[in-house]
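Examining the three-dimensional arrangement
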Amino acid sequence: YRGNAGTHDLDLALSVLNKLKLKKTSSSSLTTPSVNDMDIQIPKYDKSLRDGRGDRSPVSEWNQINKNCPVDVVLFEGWMLGFNSYKSINKSIDVLTDEMKTIDNYLSNYKPLDELFDCWLVLAVDDINYVFEWRSQAEREMRRSGRSAMTEEQVRDFVSRFMPAYNAYLPDLYTHGPQRKTNSPVNKIVVGFDRLPINNDISTNITSRL
């Protein structure tokens, strides 16, 4: 299934994000004609495809940023964004299962993506098991809207496939943040089951291990 490291199109992600970073506001005198004179297609994901397991939508359904439309801020969200492979932080992979060792190897390829971002916001949960119910809620909403969705049993099977990665990489992400370019700030917000900040702790800066 899609989701773990190795199931993403990194070349596409890097291509789109680099184009967006190069695209300046239309009023800037420093615009790059080769970028600002072109439309940029933004990939679209549809969670309802493949019986609720999700897949990338056809190119014909992607959103498009027209050449005359300025880009000021880009928000990029990902459930495993910022995970640090054990190899990258000199942590022994001997404690990992064979499947997780493969995922860890793929995760090493995500560093160029992580280094693109100017700043980070980590949404941390006080109990990772919330994700089972959160995903079930999303599936129920899709079903009510008439779209394909997973059953409760399928949700548990689907989400369980990602729990080993959560357990392996979240502690380091919550403590040290992602491997990132110099002076790229990281802030953390801890949320509860209701997805709201806990104890009004809106933001805590994370200091890199470096």
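Please read these numbers as outputs of a predicted model, since none were measured by experiment.

1. Section: the overall build of the chain
Secondary structure assignment for the chain yields seven helices and seven strands. If you list the helices and strands of the chain from N to C, you get α-α-β-β-β-β-α-α-β-α-α-α-β-β. Within the chain, the proportion of its 210 residues that are buried is 37%. Total accessible area on the chain is roughly 12700 Å²; 50% of this is exposed by carbon and sulfur atoms.

2. Some points on the packing of helix α3 (residues 98–107) against helix α7 (residues 163–176)
One can describe the packing of α3 onto α7 by two numbers: an axis separation of 11 Å at closest approach and a directional angle of 60°. Comparing the axis directions of α3 and α7 gives the class oblique. The handedness of the crossing between α3 and α7 is right-handed. Touching Met 100, Ile 103, Asp 104 and Leu 107 of α3 are Pro 164, Ala 165, Ala 168 and Tyr 169, all from α7. In the contact of α3 with α7, the residues fall into seven nonpolar, no polar and one charged.

3. Some points on the packing of helix α5 (residues 130–144) against helix α6 (residues 152–160)
The interhelical angle for the contact between α5 and α6, taken along N-to-C directions, is 130°, at an axis separation of 10 Å. Relative to α6, α5 is oriented oblique. Read as a crossing pair, α5 and α6 show a hand that is right-handed. Contact residues: α5 offers Val 131, Phe 132, Arg 135, Ser 136, Glu 139 and Arg 140, while α6 offers Glu 152, Val 155, Arg 156, Phe 158, Val 159 and Ser 160.

4. Remarks on the pattern of salt bridges
Counted under the stated rule, the structure contains 10 salt bridges. A salt bridge links Asp 118 to Lys 21; the nearest nitrogen and oxygen atoms lie 3.4 Å apart. Taken together, the positions of Asp 118 in the loop between α4 (111–114) and β5 (120–125) and Lys 21 in helix α1 (residues 10–22) put the pair 97 residues apart, joining distant regions of the chain. Relative accessible area serves as the criterion here: at 37%, Lys 21 is assigned to the partly exposed category. One network of salt bridges, with partners in common, ties together Glu 133, Arg 140 and Glu 152.

5. Notes on unusual backbone geometry
Negative phi is the rule for most residues except glycine; trans is the rule for most peptide bonds. The backbone of Asn 90 sits at a positive phi, close to 55°, despite the residue not being glycine. We note that Arg 195 has phi near 70°; this positive angle belongs to a residue other than glycine. Tracing the chain through its elements places Arg 195 in the loop between β6 (186–191) and β7 (204–205). Residue classification places Arg 195 among the partly exposed residues on the basis of a relative accessible area of 43%.

6. Remarks on α7
Across its 14 residues, α7 extends 20 Å between first and last C-alpha, which sits within 8% of the 20 Å expected from 1.5 Å per residue. For α7, the full list of buried residues reads Met 163, Ala 165, Tyr 166, Ala 168, Tyr 169, Leu 170, Asp 172, Leu 173 and Tyr 174. Those residues of α7 that are buried lie in contact with α3, β5, α5, α6 and β6. Gly 177 occupies a position one or two residues after α7 and carries a positive phi of about 80°.

7. Re the nonpolar core
Considering soluble globular proteins, one finds that nonpolar side chains tend to be buried as a cluster. Core analysis: the largest hydrophobic core is formed by 47 residues, its most contacted members being Phe 83, Leu 113, Val 131, Tyr 166 and Tyr 169. With eight residues, the top contributor of residues to this core is α7. Those residues in contact with Leu 113, other than ones at most four positions away along the chain, are Leu 10, Ala 13, Leu 14, Leu 17, Phe 76 and Leu 81.

8. Quick word on the environment of Ser 108
Secondary-structure assignment places Ser 108 in the loop between α3 and α4. Given a relative accessible area of 33%, Ser 108 falls into the partly exposed group. In this structure, Ser 108 is in contact with Ser 85 and Lys 87, ignoring residues within four places of it in sequence. Here Ser 85 takes part through its side chain, which lies 3.3 Å from a polar atom of the side chain of Ser 108.

The rules behind these values
- Numbering of residues begins from 1 in every chain and follows the order in which that chain's sequence is written.
- Local features in this predicted model are restricted to residues whose pLDDT is 70 or higher, and side-chain atom pairs enter the listing and the counts only when it is 80 or higher, whereas totals over whole chains, interfaces and linings include all residues.
- Note that water and hydrogens are dropped before the side-chain values are worked out from all heavy atoms of the structure.
- Each helix is a run of H or I in the DSSP string that is no shorter than four residues. Each strand is a run of E no shorter than two, and both are numbered from the N terminus.
- Think of it in three bands: residues with accessible area under 20% of the maximum for their type are buried, residues over 50% are exposed, and the middle band is partly exposed, with areas taken using a 1.4 Å probe on protein chains only.
- Only the protein chains shown count as covering a residue, and every accessible area follows the Shrake-Rupley method with a 1.4 Å probe.
- Working convention: axes come from line fits to C-alpha atoms, limited for helices to the stretch in contact. Angles between N-to-C directions cover 0 to 180 degrees.
- For this classification, under 35 degrees means roughly parallel, over 145 means roughly antiparallel, 65 to 115 means roughly perpendicular, and everything else is oblique.
- Throughout, a crossing is termed right-handed when the near helix is turned clockwise from the far one, and left-handed when it is turned anticlockwise from it by less than a right angle.
- Contact definition: two residues touch when any of their heavy atoms are within 4.5 Å.
- Amino acids outside the nonpolar list (Ala, Val, Leu, Ile, Met, Phe, Trp, Tyr, Cys, Pro) and the charged list (Asp, Glu, Lys, Arg) are all regarded as polar, and Gly is one of them.
- When a carboxyl oxygen of Asp or Glu is within 4 Å of a side-chain nitrogen of Lys or Arg, the pair counts as a salt bridge.
- Given the number of residues in a helix, its expected span is that number minus one, multiplied by 1.5 Å.
- As used in this record, nonpolar core signifies buried Ala, Val, Leu, Ile, Met, Phe, Trp, Tyr and Cys residues forming a set joined through side-chain atoms within 4.5 Å.
- Think of a polar contact as two N or O atoms within 3.5 Å of one another; within protein, one of them needs to be a possible hydrogen donor and the other a possible acceptor, and neighboring residues in sequence only count if both atoms come from side chains.

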